[in-house]
Amino acid sequence: MAQSTRATARLLDKTEAEFVERTQRAAIVTLSDQDLRELGMQLRQRRDKARDAARRQKREMRGKAEPRGARPASDNSGTKQKADALTGALKRIGAESTRRTEKERGPSQRSLARKALAAKQRQIARERPTNRTAGEGMRPIGNPKAAKSGALNDAGARPAMMRAKIARR
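All residue numbers refer to position in the chain's written sequence, counted from 1. Given that this is a predicted model, residues contribute local features only at a pLDDT of at least 70 and side-chain atom pairs are listed and counted only at 80 or more, while totals for whole chains, interfaces and linings are drawn from all residues. Calculated side-chain values reflect all of the structure's heavy atoms, with hydrogen atoms and water omitted.

**Digging into the overall build of the protein chain**
Part 1 of the argument: Across its full length, the protein chain holds seven helices and zero strands.
Part 2 of the argument: A run of H or I in DSSP becomes a helix once it reaches four residues, and a run of E becomes a strand once it reaches two; helices and strands are each numbered from the N terminus. Listing every helix and strand of the protein chain by position from the N terminus yields α-α-α-α-α-α-α.
Part 3 of the argument: Note on classification: 1.4 Å probe, protein chains only; a residue is buried when its accessible area is under 20% of the maximum for its type, exposed when over 50%, partly exposed between these limits. For the protein chain, buried positions account for 19% of its 169 residues.
Part 4 of the argument: The criterion used for residue contact is that any of the two residues' heavy atoms lie within 4.5 Å. Partitioning the contacts of the protein chain with sequence separation of at least 6, the portion at a separation of at least 24 is 59%.
Part 5 of the argument: For the protein chain, the accessible area works out to roughly 14100 Å², and carbon and sulfur atoms hold 52% of it. Each accessible area value is a Shrake-Rupley result obtained with a 1.4 Å probe; residue values ignore everything except the protein chains displayed when judging cover.

And the structure:
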């Protein structure tokens, strides 16, 4: 779930908040590729540190690890939210990086397939009938070689009569 800017600012320290702010849409497009990579590395280090602290606090709460401070941790929700905020920033960096590489490469097979599917769906929508009445529909075409229903030379008639004990020869 997305966090508000105020809640995110409360969780992060000053430098982390500045890093996350640089990943917002208006600011991320102005970064060079090198700056984007460096920002990603810094955010990844901070995210890993917060994630490790949240895991350690969780182990302390369960009594599986020795307390790091004077008392064992009683809650790790703040540290976990901090890691989530940094993860969101990393996802934005990844999306921007992907967008830039796709822009350089040209349209991908994925985007071409989506475009073709949309065109096909538009065409199907145009071909649908405007009213709900049936047209001529399908008409059965009889097989002239087939025997009439109930005829003795019909396939399976003799075995059926044998089972019924009314065999005729």
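Now that the structure has been shown, we can carry on.
**What about the pattern of salt bridges?**
Part 1 of the argument: Each reported salt bridge corresponds to a side-chain nitrogen of Lys or Arg within 4 Å of a carboxyl oxygen of Asp or Glu. Taken as a whole and assessed by the stated rule, the structure comprises eleven salt bridges.
Part 2 of the argument: The partner of Arg22 in a salt bridge is Glu18, and the shortest N-O contact between them spans 3.6 Å. On the criterion of helical spacing, the pair formed by Arg22 and Glu18 is a turn pair, its members being four residues apart in helix H2 (residues 14-22).
Part 3 of the argument: Residue Glu60 is joined to Arg56 by a salt bridge in which the shortest nitrogen-to-oxygen separation is 2.8 Å. Placement of the pair is Glu60 and Arg56 together in helix H4 (residues 33-62), with a separation of four residues, close to one helical turn.
Part 4 of the argument: Accessibility expressed as a relative area gives 26% for Arg56, which makes it partly exposed.
Part 5 of the argument: Linked through salt bridges whose partners overlap, the residues forming this network are Arg25, Asp33, Glu96, Arg99 and Arg100.

**Thoughts on the nonpolar core**
Part 1 of the argument: Core analysis: the largest hydrophobic core is formed by 14 residues, its most contacted members being Val20, Leu39, Leu43, Leu86 and Ile93.
Part 2 of the argument: Listing elements by their share of this core, those giving two or more residues are H2, H4 and helix H5 (77-105).
Part 3 of the argument: The leading source of residues in this core is H5, at five residues.
Part 4 of the argument: In contact with Ile93, not counting residues within four places along its chain, are Thr23, Ile28, Leu36, Leu39, Gly40 and Leu43. The nonpolar core is taken to be a set of buried Ala, Val, Leu, Ile, Met, Phe, Trp, Tyr and Cys residues, with the residues joined through side-chain atoms within 4.5 Å.

**Focus: H4**
Residues lying three or four places apart along an α-helix face the same way, a consequence of the helix completing one turn every 3.6 residues.
Part 1 of the argument: The first and last C-alpha atoms of H4 sit 43 Å apart over 30 residues, in line with the 44 Å expected at 1.5 Å per residue.
Part 2 of the argument: Taken as a whole, H4 has its buried residues at Leu36, Leu39, Gly40, Leu43, Arg47, Ala50, Ala53, Ala54, Gln57 and Glu60. A helix is expected to span 1.5 Å for every residue after the first.

**Points about the environment of Met61**
Part 1 of the argument: By secondary structure assignment, the location of Met61 is in helix H4.
Part 2 of the argument: Sequence separation between Met61 and Pro72 is eleven residues, and the spatial gap between their C-alpha atoms is 6.5 Å.
Part 3 of the argument: The residues touching Met61, leaving out its near neighbours within four places in the chain, are Ala73, Ser74, Asp75 and Asn76.

Taken by themselves, the reported measurements are silent on function.
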